[in-house]
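Summary of the model geometry
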Amino acid sequence: MLLSITTTHQPASDLGYLLAKHPDRIQSFELNFGQAHFFYPEARADLCRASLLVEVDPIYLTRRGQTVRDAGALYPYVNDRPYVASSFLCVALSQVLRSAISGRCKERPELAAQAIPLRAELSVVRCRGGEEFLRRLFEPLGYEVEAAPLPLDSHFEEWGPSPYFRVSVEAETTLAQLLTHLYVLLPVLDHDKHYWVGEDEVEKLLRHGEGWLESHPERSRITRGYLKQRPSLVRMALARLVEDEEEGSEDGSRSSRTDDREDFVERPLGLHDTRLKTVAQLLKEAGCRRMVDLGCGEGRLLKRLMEDRHFTEIVGLDASIRALEIAHSRLKLDELPEAQRQRIRLLHGALTYRDARIEGFDAAAVVEVIEHLDPPRLRALERVLFGCAKPGLVLLTTPNREYNAKWPALGADSLRHPDHRFEWTRAEFGAWAGEVAARYAYAVEIRPLGPSDPDVGAPSQLALFRKTTGAGSTAIMEKHHED
Ligand code: SAH
């Protein structure tokens, strides 16, 4: 199978830097299923073409063929796998062009981030959904698509139209985007993957799909195809994609609290700092060592907890990959010594779907998160948090809407942040917290956060939920009784 990438961006031979492969050399790579060769058929200043040729070892195919369900007896020996752009090509791509896919380029970092004219040609693509499906996958991403059907041998005409095409896609884009799109979409077109598809494929799909898949009109078919139609994985991925789209539209402004309206009004009070300090202190006083920060955002609370050895296991979960990336660098996770690194994990996930990874913790913090959820989704969060994750202690904060009247810049009727779906008065928060606590067997206590005003109360409010039954809470409750 053969993939060629061409650019006319000048000097075109800079493509060599982007691909991290010298244009004068032919390089070969051993893969566990065969070999890949990388070379440049043309490398001029005005046009540069690089090719990846993948050869699949026939012995590998023979062995694998015995395990392919529903394959005919001849399948291991007679099949299209050596020729078509399939998951074999994608594995080769990810191994041979690892840095280019991730957008890294030491020599030309600005070029790696720049949209340049790029064309990818694939000698054979198997597309059961026909040319139309091919177009539906690539055109929404801005590609011009050319597809030439490759006729079947006349012996096979009774099989109907050929599903094989020579394909090219062309756009002004970054090389990393082009390679990523191919990486995700080729196995979808081909409708097969030669390896076992498990949960890590969901993570891979979400990672590679970030920024485009959640809004792609064919995201469901792409997700199903990529995950080999495995229903549980598809459900998991789609749930998270939907969250990404809904929560992601405002990712930047919402998770970076530095320049939004909320921060503008709250900053003079140092309110966010007060919140985080209070939460960290309460967690410690309650004797919680293993805790999860739900909707951790850019990791401000996590950072604080990491600085205190009292906390032995710290997990942050957020729906926004961007926020998690910022948290990752804020916490300098790549530089931490191993023992420290073991203490912390960041998870991509949605608080509105049950998630075994957040079950069994001493405590959960939910700081300034609920007001970002639509009320019907809040129900889901209640179930996930209090019904399934069931930590011994939940510390949850949210703004007190009554206090907004004290900020003339805000006006009494507006909310502190454009993404807030609601802000509650003290009475509303108290009623909600009381009702949830009663439903899920927690005891709740509400505390003001920030300087209290006699008329409107404090700017923020905290609910402290303690589990009243269940084994998970025993240690914390005992500690609390000692206090
Ligand atoms: N707790 C952090 C961030 C608050 S901003 C802090 O106090 O600094 C709200 C965060 O909740 C955002 O990072 C947002 O991505 C996240 N969020 C919103 N809805 C979510 C959901 N359904 N599941 C997981 N995270 C969510």
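Along each chain, numbering runs from 1 in the same order as the chain's sequence is written. pLDDT decides what is reported in this predicted model: residues at 70 or higher carry local features, side-chain atom pairs at 80 or more are listed and counted, and totals for whole chains, interfaces and linings draw on all residues regardless. Water and hydrogen atoms were dropped before computing side-chain values, which therefore reflect all heavy atoms in the structure.

1. A closer look at the sheet that holds strand β1 (residues 2-7)
The strand order across the open sheet built from seven strands is β2-β3-β4-β1-β5-β7-β6, with neighbouring strands paired in antiparallel fashion. With one partner strand each, in any of the chains shown, β2 (27-31) and β6 (144-149) form the two edges of the open sheet. Strand-to-strand twist of the sheet, defined as the mean angle between neighbouring strand axes without regard to direction, takes the value 15°. DSSP bridges decide pairing: two strands pair if at least two such bridges lie between them. A run of H or I in DSSP counts as a helix once it spans at least four residues, and a run of E counts as a strand once it spans at least two, with each numbered from the N terminus. Where β1 meets strand β4 (residues 48-56), six bridges bridge the pair, whose relative direction is antiparallel. Paired with Thr 6 across the strands is Arg 49, a residue of β4. Contact definition: two residues touch when any of their heavy atoms are within 4.5 Å. Note on geometry: axes are lines fitted to C-alpha atoms, helical ones only across the stretch in contact, with angles between N-to-C directions running from 0 to 180 degrees. Across the face of the sheet, helix α3 (residues 87-96) comes into contact with β1, β2, β3 (34-43), β4 and β5 (116-126) while running at roughly 125° to β4. Helix α7 (residues 175-190) rests against β1, β5 and β7 (164-173) of the sheet, and its axis sits at about 20° to β5.

2. A look at the sheet that holds strand β13 (residues 442-449)
The seven strands lie next to each other as β10-β9-β8-β11-β12-β14-β13, forming an open sheet whose pairing is mixed. If you trace the sheet from one side to the other, it starts and ends with β10 (344-348) and β13, each paired once. The sheet shows a mean angle of 15° between the axes of neighbouring strands, taken without regard to direction. When strand β8 (residues 290-294) meets strand β9 (residues 313-318), the two strands line up parallel, connected through five bridges. Its bridge partner being in β9, Asp 293 is matched across the sheet by Gly 316.

3. A short note on empty space enclosed by the protein
Any empty space left between atoms is shown by rolling a water-sized probe over those atoms. Using only the protein atoms, space was sampled on a 1 Å grid; points where a 1.4 Å probe fits but cannot get out form cavities, open sets with protein on both sides within 12 Å along at least five of seven lines form pockets, and lining residues are those with an atom within 4 Å of a point. Grid points are joined across faces, edges and corners, and a volume is the space filled by probe spheres set on the points. Tallying each qualifying case throughout the model produces four cavities of 30 Å³ or more. The computed volume of the second largest cavity comes to approximately 50 Å³. Lining the second largest cavity, in full, are Leu 18, Ala 100, Gly 103, Arg 104, Cys 105, Ala 112, Leu 175 and Ala 176. In this classification, the charged set is Asp, Glu, Lys and Arg, the nonpolar set is Ala, Val, Leu, Ile, Met, Phe, Trp, Tyr, Cys and Pro, and all remaining amino acids, among them Gly, are polar. A class-by-class count of the residues in the lining of the second largest cavity yields six nonpolar, one polar and one charged.

4. Quick word on the environment of Leu 333
Along the chain, Leu 333 falls in the loop between α15 (321-330) and α16 (338-341). Burial classes follow relative accessibility: with a 1.4 Å probe on protein chains only, a residue under 20% of its type's maximum area counts as buried, one over 50% as exposed, and anything between as partly exposed. Given the relative accessible area of 2%, Leu 333 is considered buried. Once the C-alpha coordinates of Leu 333 and Arg 345 are considered, the two residues, 12 residues apart in sequence, prove to be 9.2 Å apart. With residues near it in sequence (within four places) discarded, Leu 333 still touches His 328, Arg 341, Ile 344 and Leu 346.

5. Notes on the pairing of strand β12 (residues 393-399)
Here β12 lies mainly inside the structure; seven of its seven residues are buried. The alternating pattern of β12 places Leu 393, Leu 395, Thr 397 and Pro 399 and Val 394, Leu 396 and Thr 398 on opposite faces, both of which are buried. In this fold, the crossover linking strand β11 (residues 363-367) to β12 by way of helix α17 (residues 375-389) has right-handed handedness. Note: β12 against strand β14 (residues 460-467), seven bridges, orientation antiparallel. A clockwise path from the first strand over the helix to the second, with the strands pointing away from the viewer, defines a right-handed crossover.

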